[in-house]
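This is what each chain is made of:
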Amino acid sequence: MPNILPRILYILAALAWFLLLRPNPVTIVMAGCFACLTLPSYRRMRCVTRRWRKHLRLRHPGRPGQFIASCFHRLPLYGYILLVVSAVVIPISTLVLLVSPQVAGGLARLRELQANNFQLPPEWVMRVQELRHSLAAYPKVDKMVSEFLSNLDALLADTMGLLINRSVDVLGGTMTVLWTLFLFVTLTVIFAAYAGKINLVTARICHIPATMLRRFVLAVRRALQGVMLGIVLVAIAQGFLCGLGFAVAGIKQPAFWGLLATVVAPIPFVGTAIVWVPLCISLWFSGDTMPAVGLALWGSLAVTSVDNILRPLFLQQGIKAPFFVLIVAILCGLGSFGPMGLIIGPVLLAIAMQAVEEAHQTYHHTA
């Protein structure tokens, strides 16, 4: 009973926090992941400040030294809050300054496509009809092509409609966005500042050694670093390269289309091709042959090479698993959790692999 009662109380405390934060699961996950990534920085700030305070006490003994040292007590927390706010505000400000002037035109173009049911231009229809006539001699192939085009048209309609609706929601829900950002910063700071107590309570609830829990946290942190480098930064690099190629090819609103390329870049196997391939086809049938060929070469060589080389390298540094297994984890994560699956999938894979490793070690020790 003495061991059960504290665990019940810990569970009640965790349940209370869960019920309080339950309406914001995405914000909680993102704040926890960011706190896990930046926790070493916060701890380094605390170590540096501790040395400063000790040095000040030695140079200024007595009450003046104690007063000056006490002023540095909250410095790591304030520095960490500044770090988190900067990590949120700087990317958003950069995105707004670069992309917002082109959002209206880009969304207008997307609405135009949606209003026209995403029909192909007349010159495209002629070429497709010629191709379909040539396939008429092969009924099975013609049926497969028809089904593929139908499914692709439905997918594009759903994707573009969702994108337009979500964009309008984001632009119109300013207070919601501000509240989400405030909650994200607050939870990140709380998770980092009370990381030691959170680890202690988690270890007592799960009844596992603190050293084992630290190894799990380290595995999650490595996985998050791999995700940050292999998915987020690679997607940003691909989106930048796509936007550069769109600008050189003469496509209007290149920053907007580059942003779309960044959004779809993490999708395995297709990625940025969802954006630059249709634009290449549009340039080709519009008579801009050289820009179309140049953009196709840029997308297939430069943009795709970044994905094929850097993504496996970064992901496998964070998670010691075959790249195919990582792709399966990402796909399953996307299917189960939506866009958050890009992070949750690899993290769950890292937790599973660490759990198997801990089980092996425990089994050998007890055998």
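Structure's up top.
Predicted model only: the values in this text are computed from it and were never measured.

Rules of the game
- Residues numbered from 1 in each chain as written.
- Predicted model: local features only at pLDDT ≥ 70, side-chain atom pairs only at ≥ 80, totals over all residues.
- Heavy atoms only, no water.
- Helix = DSSP H or I, 4+ residues; strand = E, 2+ residues; numbered from the N terminus.
- Expected span 1.5 Å × (residues − 1).
- Buried < 20%, exposed > 50% of the residue type's maximum accessible area, 1.4 Å probe, protein only.
- Arc of directions from axis to C-beta.
- Contact = heavy atoms within 4.5 Å.
- Polar contact = N/O pair within 3.5 Å; in protein donor to acceptor, adjacent residues only side chain to side chain.
- Bend = angle between axes of the 7 residues up to and from the residue.
- Phe/Tyr/Trp six-rings, centres within 6.5 Å; stacked < 30°, edge-to-face > 60°.
- Salt bridge = Lys/Arg side-chain N within 4 Å of Asp/Glu carboxyl O.

Caption draft 1: Structural detail: helix α11 (residues 273-285). Taking 1.5 Å of rise per residue, 13 residues should cover 18 Å, and α11 covers 18 Å from first to last C-alpha, within 8% of that figure. All buried positions along α11 are accounted for by V275, W276, L279, C280 and L283. End-on, the buried residues of α11 take up no more than an arc of 120°, which puts them together on one face. Along its buried surface, α11 packs onto α9 (210-249), α10 (254-264) and α12 (289-318).

Caption draft 2: Main features of the environment of V201. The residue V201 is located in helix α8 (residues 195-206) in this model. The sequence separation of V201 and I11 amounts to 190 residues, and the corresponding C-alpha distance is 9.0 Å.

Caption draft 3: Summary view of the environment of D288. Tracing the sequence through the fold places D288 in the loop between α11 and α12. The spatial distance from the C-alpha of D288 to the C-alpha of G250 is 9.5 Å, given a sequence separation of 38 residues.

Caption draft 4: The side chain of T38, seen in detail. Relative to the assigned elements, T38 resides in helix α2 (residues 25-59). According to the relative accessible area criterion, T38 is buried, its value standing at 10%. Engagement of the side chain of T38 in a polar contact is seen with the side chain of Y80, the distance being 2.6 Å.

Caption draft 5: Spatial organisation of α12. The first and last C-alpha atoms of α12 sit 42 Å apart over 30 residues, in line with the 44 Å expected at 1.5 Å per residue. The sharpest bend along α12 measures roughly 35° and falls at T304. Among the residues of α12, those classed as buried are A292, L295, G299, V303, V306, D307, R311, P312, L315 and G318. Taken together, the buried residues of α12 touch α9, α11 and α13 (323-337).

Caption draft 6: The arrangement of the packing of aromatic side chains in detail. Across all of its chains, the model carries three aromatic pairs by this definition. Relative to F184, the ring of F34 lies with its centre 5.8 Å away and its plane at 50°, an arrangement referred to as tilted. With F34 in helix α2 and F184 in helix α7 (residues 174-193), the pair connects residues that are 150 residues apart, well separated along the chain. Its relative accessible area of 18% is what places F34 among the buried residues.

Caption draft 7: Examining the pattern of salt bridges more closely. Enumeration over the complete set of coordinates arrives at two salt bridges. For R215, the salt bridge goes to E358, with nearest N and O atoms at 2.6 Å. Taken together, the residues R215 in helix α9 and E358 in helix α14 (residues 341-366) connect sequence positions 143 residues apart. Of the residues examined, R215 reaches a relative accessible area of 33% and is grouped as partly exposed. For D307, the salt bridge is made with R311, and the minimal N-O distance between the two is 2.3 Å. Of the two residues, D307 and R311 both sit in helix α12, four residues apart, roughly one turn of that helix. Taking relative accessible area as the criterion, R311 reaches 5% and is therefore assigned buried.

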